[in-house]
Amino acid sequence: MSVVKEVVKSLVGGKETFEVKNHPHHHRLYHLEINNDSLYTFLSENRHVNAQQLEYVPYMRLALSQSLEKILGKRFSETVRAILHDRDSGGFTVGMQYQTEDYDDYIKFATALAHLLGGVNFDAMSGTYYARFTVKDTDESDSYLRQAYRRFTLHTDGTFVNEPTDWLLMMKFAEENAIGGESRLLHLDDWEDLEHYSTHPLATCRIEYKAPSSKNVEQTVYNQTFFEQNGKPCICFIDQFANPSTMEQATYLKDLSESMENSKHTIDLPLPVGDLVMVNNMFWLHGRAAFEKSPDLHRELLRQRGYFAKV
Ligand SMILES: [Fe+2]
């Protein structure tokens, strides 16, 4: 983590608006701790902005991002970008530190942060640039996304859309009567069988991906399971939406998924309400542990996905 370590050193002990810490639950992740005064300044200076305005007026999202950068300093944006591009890390958590419980504040902070990286993808499921979704005791949907009591297998996002999905942000809005349900994460370089599957003859075979109707995406796209970036293997995979055309392809994908699920490096990440996790979607896989049965289970997450600015 050479690039980021330098940043860590230059901040520790200084009077800065934020601090970069090693994450207590994952050796590859960082936790960014923002000075509470700076967080308060950001929220109060943007009190007049509301979530609807951000949906309707795209430039307001960038204005918010500019405000966050002004308050936390350019070094904050540089650090966030450096972490997400760093192959050895590629992820961090950051949060509201119990300074607010207002959902509009959560949306504003996540939006400002996301736009420091580049652009955000349109989320067809919600019809805007982010999605909020609830997991509860009962579910009648057509994918694993809202099914509380089964494990949501490891995958990357953006498999069925024809646009780059370089990063992913997930923020916890609410959690009540919830035991389990942690985000499960696996960094590709920690996976014991990476070499076997990434150099397999079917690794670069184009597989058909189609979304179920709730995603509101009609198109069919074809993805290689593995592709290369900066000389390293990256992955594009989700079990639910892949439509292999031969038995060999099906076996390859099934075995790959099982191998990742069984990796001893797949970890459950606790995430407090008001915190978010942001990861590079090309070399991190994510999923969700099953919740324990509870009739009053309620958990709400926000997700944003996007691409890195080309500079
Ligand atoms: Fe996902």
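These numbers come from a predicted model, not from an experiment.

Chemist: Got a minute to help me understand the packing of helix α2 (residues 36-45) against helix α4 (residues 58-72) in this structure?
Modeler: Axis angle and axis distance: for two packed helices, these are the angle between their axes and the distance between the axes, and together they describe the pair. Viewed as axis vectors pointing N to C, α2 and α4 meet at an angle of 150°, and their least axial separation amounts to 10 Å. Relative to α4, the element α2 lies roughly antiparallel. Crossing of α2 against α4: the hand is right-handed. From α2, Ser38, Thr41, Phe42 and Glu45 reach across to α4, where they touch Leu64, Ser67, Leu68, Lys70, Ile71 and Leu72.

Chemist: Is there a simple way to think about the domain arrangement of the chain in this case?
Modeler: Interfaces are often described in size by the accessible area the parts lose on coming together. What the domain assignment lists for the chain is domain 1 (1-116) and domain 2 (125-311). When each unit is reduced to the centre of its C-alpha atoms, the spacing between domain 1 and domain 2 is 23 Å. With 34 residues of domain 1 at the contact, the number on the domain 2 side is 37 residues. Here domain 1 packs against domain 2, burying approximately 2,900 Å² in sum over the two surfaces, 62% of which is carbon and sulfur.

Chemist: Sorry if this is basic, but what is going on with the coordination of the iron ion here?
Modeler: Tetrahedral metal sites with four donors have an ideal angle of 109.5 degrees; octahedral sites with six donors have ideal angles of 90 or 180 degrees. Within the protein, the iron ion binds to His155 (NE2), Asp157 (OD) and His286 (NE2); these donor distances fall in the range 2.2 Å. For the iron ion, all donor residues lie on one chain, and their spacing in sequence is H-x1-D-x128-H. Residue His155 is located in strand β6 (residues 152-155), and its partner His286 is located in strand β16 (residues 284-288); the two are separated by 131 residues in the primary sequence. On the accessibility criterion, His155 (3% relative accessible area) is buried.

Chemist: Before we go on, may I ask you to explain the sheet that holds strand β10 (residues 220-224) in this structure?
Modeler: With antiparallel pairing, the three strands of this open sheet are ordered in space as β10-β9-β13. Every other strand in the sheet has two partners, leaving β10 and β13 (242-243) as the edge strands with one partner each. Pairing geometry for strand β9 (residues 206-210) and β13, over two bridges, is antiparallel. Bridge assignment links Tyr209 to a residue of β13, and that residue is Ala242.

Chemist: Sorry, what's going on with the sheet that holds strand β14 (residues 267-269) here?
Modeler: As a general point, the strands of a sheet are linked pairwise by backbone hydrogen bonds and lie either parallel or antiparallel. A sheet is described by the order of its strands in space; here four strands give the open sequence β6-β16-β8-β14, paired in antiparallel fashion. Only two strands of the sheet have a single neighbouring strand rather than two, namely β6 and β14. With direction set aside, neighbouring strand axes in the sheet form an average angle of 25°. Relative to β16, strand β8 (residues 183-187) runs antiparallel, the two sharing five bridges. The residue bridging Ser183 from the neighbouring strand is Arg288, located in β16. Helix-sheet contacts for helix α8 (residues 247-261) involve β6, β8 and β16, and the interaxial angle to β6 is about 105°.

Chemist: How should the pattern of salt bridges be read in this particular structure?
Modeler: Once the charged atoms of two side chains with opposite charge are near each other, the side chains can pair. A full pass over the atoms with the stated rule returns 18 salt bridges. Residue Asp105 is joined to Lys108 by a salt bridge in which the shortest nitrogen-to-oxygen separation is 3.8 Å. Here Asp105 pairs with Lys108, and both are found in helix α6 (residues 103-114), just three residues apart, close to one helical turn.

Chemist: Hey, could you run me through helix α5 (residues 74-85) in this one?
Modeler: Every α-helix winds through 3.6 residues per turn, so residues three or four apart in the chain are directed the same way. Across its 12 residues, α5 extends 17 Å between first and last C-alpha, which sits within 8% of the 16 Å expected from 1.5 Å per residue. Taken as a whole, α5 has its buried residues at Phe76, Ser77, Thr79, Val80, Ala82, Ile83 and Leu84.

Chemist: What am I meant to see in the nonpolar core here?
Modeler: A general trend in soluble globular proteins is that nonpolar side chains are found buried together. Core analysis: the largest hydrophobic core is formed by 45 residues, its most contacted members being Phe76, Phe92, Phe109, Leu113, Leu169 and Met171. The element best represented in this core is α6, accounting for seven residues. Mapped onto the domain boundaries, this core takes at least three residues apiece from domain 1 (1-116) and domain 2 (125-311). With near-sequence residues (within four places) excluded, Phe92 lies in contact with Leu29, Tyr30, Leu32, Val80, Ile83, Leu84, Leu113, Leu276, Val277 and Met278. Counting residues in hydrophobic clusters, the runner-up holds 39 residues, among them Val161, Tyr252, Leu256 and Ile267.

About the thresholds
- Residues numbered from 1 in each chain as written.
- Predicted model: local features only at pLDDT ≥ 70, side-chain atom pairs only at ≥ 80, totals over all residues.
- Heavy atoms only, no water.
- Axes fitted to C-alpha atoms, helices over the stretch in contact; angles between N-to-C directions.
- Helix = DSSP H or I, 4+ residues; strand = E, 2+ residues; numbered from the N terminus.
- Parallel < 35°, antiparallel > 145°, perpendicular 65-115°, else oblique.
- Left-handed = near helix turned anticlockwise from the far one by under 90°.
- Contact = heavy atoms within 4.5 Å.
- Domains from an automatic or database assignment.
- Buried area = accessible area lost by both parts, 1.4 Å probe.
- Donors = N, O, S within 2.8 Å, 3.2 Å for Na, K, Ca; no water.
- Buried < 20%, exposed > 50% of the residue type's maximum accessible area, 1.4 Å probe, protein only.
- Pairing = 2+ DSSP bridges.
- Salt bridge = Lys/Arg side-chain N within 4 Å of Asp/Glu carboxyl O.
- Expected span 1.5 Å × (residues − 1).
- Core = buried A, V, L, I, M, F, W, Y, C linked by side-chain atoms within 4.5 Å.

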